[in-house]
Amino acid sequence: MNMVPTPQGPPSSTVHVPLDDRSYEIDITSGLIKNAANRILQAIPDLSHALVIADVAVDEPWANQICLELSAGSKETRISRQTVSSGEPSKSIAEFERLLTWVLEEGGDRRSVIIAVGGGVIGDLAGYVAASFTRGIRFVQVPTTLLAMVDSSVGGKTGINLPGAKNMVGAFWQPNLVLIDTEVLSTLPERSFLSGLAEVIKYGVIDDPEFFSWLETNAKSLVARDNEALRYAIQISCECKARVVGEDERETSGRRAILNYGHTFAHAIEATTGYGKLLHGEAVAIGMQMAARLAIDLGLSDETLLQRQTDLLNACQLPTRLPEADPVTMLPVMMRDKKVAHGELRFILPTQLGSVQLVGEVSDDAVVKAINASR
Ligand SMILES: NC(=O)c1ccc[n+]([C@@H]2O[C@H](COP(=O)([O-])OP(=O)(O)OC[C@H]3O[C@@H](n4cnc5c(N)ncnc54)[C@H](O)[C@@H]3O)[C@@H](O)[C@H]2O)c1
Ligand SMILES: [Zn+2]
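Residues numbered from 1 in each chain as written. Chains lettered and ligands numbered in written order. Predicted model: local features only at pLDDT ≥ 70, side-chain atom pairs only at ≥ 80, totals over all residues. Heavy atoms only, no water.

Asks: Give a detailed account of the packing of aromatic side chains, specifying residues and quantitative values.
Replies: Within the structure shown, the criterion is met by five aromatic pairs. Both rings, one in F96 and one in Y128, keep their centres 4.5 Å apart while their planes meet at 15°; by these two values the pair is stacked. Of this pair, F96 sits in helix α3 (residues 93–105) while Y128 sits in helix α4 (residues 120–132), placing them 32 residues apart in sequence. Of the two residues, F96 and Y128, both sit in the buried class. In this structure an aromatic cluster arises from ring pairing among F211, W214 and Y232. (Phe/Tyr/Trp six-rings, centres within 6.5 Å; stacked < 30°, edge-to-face > 60°. Helix = DSSP H or I, 4+ residues; strand = E, 2+ residues; numbered from the N terminus. Buried < 20%, exposed > 50% of the residue type's maximum accessible area, 1.4 Å probe, protein only.)

Asks: How would you sum up the site of ligand 1? Please name residues and give values.
Replies: Close contacts around ligand 1 come from 23 residues, with E88, G120, T144, T145 and T187 the closest. In the model, an oxygen atom of ligand 1 is placed 2.8 Å from a nitrogen or oxygen of the D55 side chain. At 3.1 Å from a nitrogen atom of ligand 1 is found a main-chain nitrogen or oxygen belonging to V184. Here ligand 1 loses 81% of its free accessible area of 870 Å² to cover by the protein chains. Within the residue set of the shell around ligand 1, elements represented by two or more residues are α2 (56–73), α4, α5 (146–152) and β9 (165–172). A per-class count over the shell around ligand 1 returns seven nonpolar, eight polar and eight charged. (Near = heavy atom within 4 Å. Polar contact = N/O pair within 3.5 Å; in protein donor to acceptor, adjacent residues only side chain to side chain. Areas by Shrake-Rupley, 256 points an atom, 1.4 Å probe, with all protein chains shown as cover. Nonpolar A, V, L, I, M, F, W, Y, C, P; charged D, E, K, R; others polar.)

Asks: Kindly report on the packing of helix α12 (residues 327–336) against helix α13 (residues 364–373), identifying the contributing residues and their values.
Replies: As a packed pair, α12 and α13 sit with axes 10 Å apart at the nearest point and diverge in direction by 125°. As far as their axial angle goes, α13 and α12 are oblique. With respect to the hand of their crossing, α12 and α13 are arranged in right-handed fashion. Between α12, through P327, M330, L331 and M334, and α13, the contact on the second element is made entirely by D364, V367, V368, I371 and N372. Taken together, the residues that form the contact of α12 with α13 break down as seven nonpolar, one polar and one charged. (Axes fitted to C-alpha atoms, helices over the stretch in contact; angles between N-to-C directions. Parallel < 35°, antiparallel > 145°, perpendicular 65-115°, else oblique. Left-handed = near helix turned anticlockwise from the far one by under 90°. Contact = heavy atoms within 4.5 Å.)

Asks: So what's going on with the environment of S152? Residues and values would help.
Replies: By the secondary structure assignment, S152 is in helix α5. Classification of S152 by relative accessible area gives buried; the value is 19%. Ignoring anything within four residues of it in the chain, the contact list for S152 reads G120, D124, Q141 and L147.

Right, here's the structure in full:
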């Protein structure tokens, strides 16, 4: 980690993601878009063909700027540009095929570089196109939602959905560079922004008590989208995820599972309340409350942790209860979750702020009680 003023503009932070020959850097700053071309050319000096794939909602303000800067910065770089409709339905086989065909028509080859500009949907989709075209081409992520900045653009998971089966097809494919500009968040709708804060809080609970305290002190600045506060929170979040991913790149050791804190409950909430009613981060906020309650009931944790988590979620204007949560419909969904082993529910539960453990043999009764406590 370093925090140095760049000659071109405001202070920037760089997070190094150490993955042997797949290592890369995440640049975090405010106003970086103006410097995006320089940074991309620095990371990829032989850039001859850039394929910019953008969410249609961010094409005009943000992808456009990157393209302009890129063409001004390098006369040798050819730029192809494509937009994708906003929303989860774009993570489909049809859209994947359309983009691959487009890359081919644009004369893409093994040296071409995909630049994804958008939230997690675009990162996952365009990343999978990059992973697949000629068995893999280089790839730059420019995440434009808070969730994409602190979560989906770190870790190398790319992919699309099958009908009724989310993220069922995909590949591990690391980007060559991630460019994060907090100013890009200025156009993000409020609910989506706040929803991303739930994942930020998650990192404090699972890995970093000092960061959790910092979040408690700075919640107001974050909610107000103060650039400096955002940059720090994004940096610590990316460092946390990068550390966990570095220990378990392909989800084989089980270490990566700690990132799923609150998520077994959240997935069941999303499935039973109907996708779209709650944003993912909102479901995660409530899911973390249920998980913390379960930890207390199992004698692993105390009320103080739950109280501090509740207060911080409240300060970030996130929900902490779900009156319509229904254990009868949620339980079967949880049994189908990936974390179930031999028909037994397993959870990532906090023991104290900054530490979690994988807990198996959790009875249905305990789960129902934890759900009911958050209604
Ligand atoms: N690969 C991973 O490790 C990983 C991790 C977590 C989530 N995900 C995936 O991420 C996706 C969710 O990502 P998301 O929450 O970023 O959703 P998203 O990409 O759908 O973006 C949310 C909405 O915000 C709009 N938007 C994006 N940036 C904007 C901006 N700067 N200004 C205005 N509008 C903007 C989009 O058009 C969209 O309507 C899911 O598909 C999920 O599966 C992947
Ligand atoms: Zn999540």
